[in-house]
Amino acid sequence: MGRAFAYVILGGGVAAGYAALELVRHRDGASPGQLCIISDEAVAPYERPALSKGYLLPQGAARLPAFHTCVGGNDELLTEQWYKDHGIELVLATRVVSADVRRKALLTDTGETISYNTLIVTTGARVREKSIFAHTSVTFRLNILALKLEEFGVTGSDAGNVCYLRGLVDADKMVGVMRSCHGGNAVVIGGGYIGMECAAALVANEIKVTMVFPRKHCMDRLFTPKIAEFYENYYAAKGVTFIKGARVTSLEASDGKVTGAILRDGRRLPADMVVVGIGARANTGLFDDQLTMEKGGIKVNGRMQTSDAAVYAVGDVAAFPVALLGGDVRRFEHVDCARRTARRAVAAILERADGAAEQEEMGFDYLPYFYSRVFGLSWQFYGDNVGEPVHFGDFSVSPGAAGGRPKFGACWVSGGLVAGVFLEGGSREENEAVASAVRCRARIGDVAAELESRGLAFADQECRRKWTRRCYGLAAGGDKPTYAWHATVGVAAAVSIAAFAYW
């Protein structure tokens, strides 16, 4: 038994929905039988960031169909009816157990063979098969197939109140467990992205939170110690306890539920529930021996095309050359990357050879971007956190303090150029200015000390006068500035710094 499609999207994450929308738009609608999406989840693709944010709120919580793709990108809401109306076959609650790239065929757990002309892999990431006691990583997207803690020697991890957050079923379980232990104690294992967002949700549900992780500070792959100190203090003021440099060795359980977490030093933490957020790696298992791998993911070119011309990979699973980083191959676990790489892959599939050589040589014109929103805080990061960080703004604002929301950040300088910028509390215009400054690789000079001591106010006037002309202005012939121009342009020091935000 089998079916054949012109296009098959493997995986039901964020990238799947965006790829489907692009295919429909640029082919004037997909004819029945052209496109199929295979997902092991029982619902159509949705915006996964909602699971660690609005979905866990005690009041006014987000629920489907409100956050199906592609509303997170300010685009259409793709319900199951939308897929039906556009002739797209949704094969839900179905797992692919093997793939044969040479034969262009996928075998499902129901015994069906689904063949394709073009395959788009959107299989996401799963929990890192590496001891949580040695490493806690930042995870920027939620398509996670959780690995049980007991596989690392942590007993008791199969208890009913141990929660992961990898999909809708896990989120529903976590909501139910939170409701059952209102006013109780939660232990969050992991100090990365998921751990921090889940901790904030637990506090909102009036649960006392203790975070345990082996690193010196939270979000250590992105935050500087100074930035981490601000957020740890902010969380602490909300009642969160941090136990850093510590490792959980076992979970005590009674009647099928965890009652406590035991640390390596012998301490016992009372626990009415446990949340695990311990990092992820690309879910490449179906293709490990068939496609070229790099940086822990499936290697693709600037068109998102793999070593097999009929297979494209996008989102968490794709390792692609980034033009802004000189063609360096990177893999990003974040919803923005999933959306943009999905669009790029579809454009490449439909255009085929047009511009292929240039894209393959330079890489994908992508600006790395991450964000989080918790407790009324909102930070965004653009670029690469390499080089020397220079901090600016007021790090002293505490919850409920007079004077409003905090506003601060850091600029990473590498080789005299802006490599990345972190900004907390920025407006839309400020965040856009930050992004533009990083994309233009603004030249810094010797203003680091002035930035640190005076913040960004000194450069506002210069910014408004020059930045628009230098980085947004059109070339003499009215042409839009090219990537090469952006990468090489030198901007005066004051202008460079001013572009981080209009203060």
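Being a predicted model, the structure only gives us computed values, none of them experimental. (Residues numbered from 1 in each chain as written. Predicted model: local features only at pLDDT ≥ 70, side-chain atom pairs only at ≥ 80, totals over all residues. Heavy atoms only, no water.)

A. Region of interest: the overall build of the chain. Secondary structure assignment for the chain yields 12 helices and 26 strands. Of all 503 residues assigned to the chain, the portion counted as buried reaches 58%. In the chain, 66% of the contacts between residues at least 6 apart in sequence involve partners at least 24 apart. With the model as given, the accessible surface of the chain reaches about 20,100 Å², and the carbon-plus-sulfur share is 47%. (Helix = DSSP H or I, 4+ residues; strand = E, 2+ residues; numbered from the N terminus. Buried < 20%, exposed > 50% of the residue type's maximum accessible area, 1.4 Å probe, protein only. Contact = heavy atoms within 4.5 Å. Areas by Shrake-Rupley, 256 points an atom, 1.4 Å probe, with all protein chains shown as cover.)

B. View of the pattern of salt bridges. Scanning the entire structure with this criterion turns up 24 salt bridges. Among the salt bridges present, the one from Glu197 reaches Lys53, with a minimum N-O distance of 3.0 Å. In this pair, Glu197 is assigned in helix 4 (residues 193-204) and Lys53 in the loop between strand 2 (35-38) and helix 2 (80-85), connecting sequence segments 144 residues apart. Judged by relative accessible area, Glu197 falls into the buried class, the value being 1%. Put simply, Asp328 and Lys295 hold a salt bridge, and the shortest N to O gap is 3.8 Å. Of this pair, Asp328 sits in strand 21 (residues 328-330) while Lys295 sits in the loop between strand 17 (293-294) and strand 18 (297-299), and the two are 33 residues apart along the sequence. For Asp328, a relative accessible area of 30% translates into the label partly exposed. A single salt-bridge network, built from bridges that share partners, covers Lys295, Asp328, Arg330 and Asp384. (Salt bridge = Lys/Arg side-chain N within 4 Å of Asp/Glu carboxyl O.)

C. Local environment of the confidence of the model for the chain. Here the chain averages 83 in pLDDT, while 78% of its residues score no lower than 70. Every residue in residues 454-503 is under pLDDT 50, and counting partners more than four places away or in other chains gives 98 contacts. (pLDDT = per-residue confidence, 0-100.)

D. Local environment of the sheet that holds strand 26 (residues 417-424). Spatially, the five strands line up as an open sheet ordered 22-23-26-25-24, and their pairing is antiparallel. Two strands bound the open sheet, and with one partner strand each, they are strand 22 (369-374) and strand 24 (388-394). Strand-to-strand, the axes of this sheet are offset by a mean angle of 15 degrees, without reference to chain direction. Examined bridge by bridge, strand 22 and strand 23 (residues 377-383) share six bridges and lie antiparallel to one another. (Pairing = 2+ DSSP bridges. Axes fitted to C-alpha atoms, helices over the stretch in contact; angles between N-to-C directions.)

E. Quick peek at the side chain of Thr306. Within the secondary structure layout, Thr306 lies in the loop between strand 18 and strand 19 (311-313). Of the polar contacts made by the side chain of Thr306, one reaches the backbone oxygen of Asp308; its length is 3.0 Å. Reaching out from Thr306, the side chain makes a polar contact with the backbone oxygen of Val311 at a distance of 2.9 Å. Leave out the neighbours within four places in its chain, and Thr306 touches Leu291, Ile298, Lys299, Val300, Val311, Tyr312 and Ala313. (Polar contact = N/O pair within 3.5 Å; in protein donor to acceptor, adjacent residues only side chain to side chain.)

F. Just the packing of aromatic side chains, in detail. The full count for this structure, using the stated rule, is 29 aromatic pairs. For the pair Tyr55 and Phe67, a centre-to-centre distance of 5.9 Å together with 85 degrees between the ring planes defines the contact as edge-to-face. In this pair, Tyr55 is assigned in the loop between strand 2 and helix 2 and Phe67 in the loop between strand 2 and helix 2, connecting sequence segments 12 residues apart. The exposure class of Tyr55 is buried, given its relative accessible area of 4%. You can call Phe67 buried: its relative accessible area is 5%. Between Tyr231 and Phe422 the ring centres are 6.3 Å apart and the planes differ by 80 degrees, which places this aromatic pair in the edge-to-face class. (Phe/Tyr/Trp six-rings, centres within 6.5 Å; stacked < 30°, edge-to-face > 60°.)

G. View of the sheet that holds strand 15 (residues 273-276). Strand order in the open sheet formed by five strands is 8-15-9-10-11, and the pairing between neighbours is parallel. In this open sheet, the two strands that pair with only one neighbour each are strand 8 (162-163) and strand 11 (241-244). Bridge count between strand 8 and strand 15: two bridges; the pairing is parallel. In the sheet register, Cys163 faces strand 15, and the bridge partner there is Val275. Against the sheet, helix 4 makes contact with strand 9 (185-189), strand 10 (208-213), strand 11 and strand 15, and its axis sits at roughly 165 degrees relative to strand 10, the strand it touches most.

H. Expanded view of the nonpolar core. Counting residues in hydrophobic clusters, the biggest one holds 135 residues, and the most contacted among them are Leu202, Phe223, Tyr231, Met273 and Trp379. Apart from the residues within four sequence positions on either side, Leu202 is in contact with Met174, Met178, Ala186, Val188, Ile207, Val209, Met273 and Val275. (Core = buried A, V, L, I, M, F, W, Y, C linked by side-chain atoms within 4.5 Å.)

I. Looking closely at helix 5 (residues 225-237). With 13 residues, helix 5 should reach 18 Å at 1.5 Å per residue; the first-to-last C-alpha distance of 18 Å fits that figure. Every buried residue of helix 5 is listed here: Ile227, Ala228, Phe230, Tyr231, Glu232, Tyr234 and Tyr235. Following helix 5 by one or two positions, Gly239 has its phi on the positive side, about 105 degrees. (Expected span 1.5 Å × (residues − 1).)

J. Seen up close, the pairing of strand 4 (residues 96-100). Alignment of strand 4 against strand 5 (residues 105-108), held across four bridges, turns out to be antiparallel. Bridging from a neighbouring strand, Val96 pairs with Thr108 of strand 5. Linking strand 4 back to strand 5 in an antiparallel pair, the connection comprises four residues, with Lys104 at a positive phi of about 55 degrees.

K. Structural context of the pairing of strand 6 (residues 113-121). In this structure, strand 1 (residues 2-10) lies alongside strand 6, joined through eight bridges in parallel fashion. Bridging across to strand 6, Ile9 finds its partner in Ile120. In the sheet, strand 6 pairs with strand 19 via three bridges, with the strands oriented parallel. Following the sheet pairing, Val121 is matched in strand 19 by Ala313.

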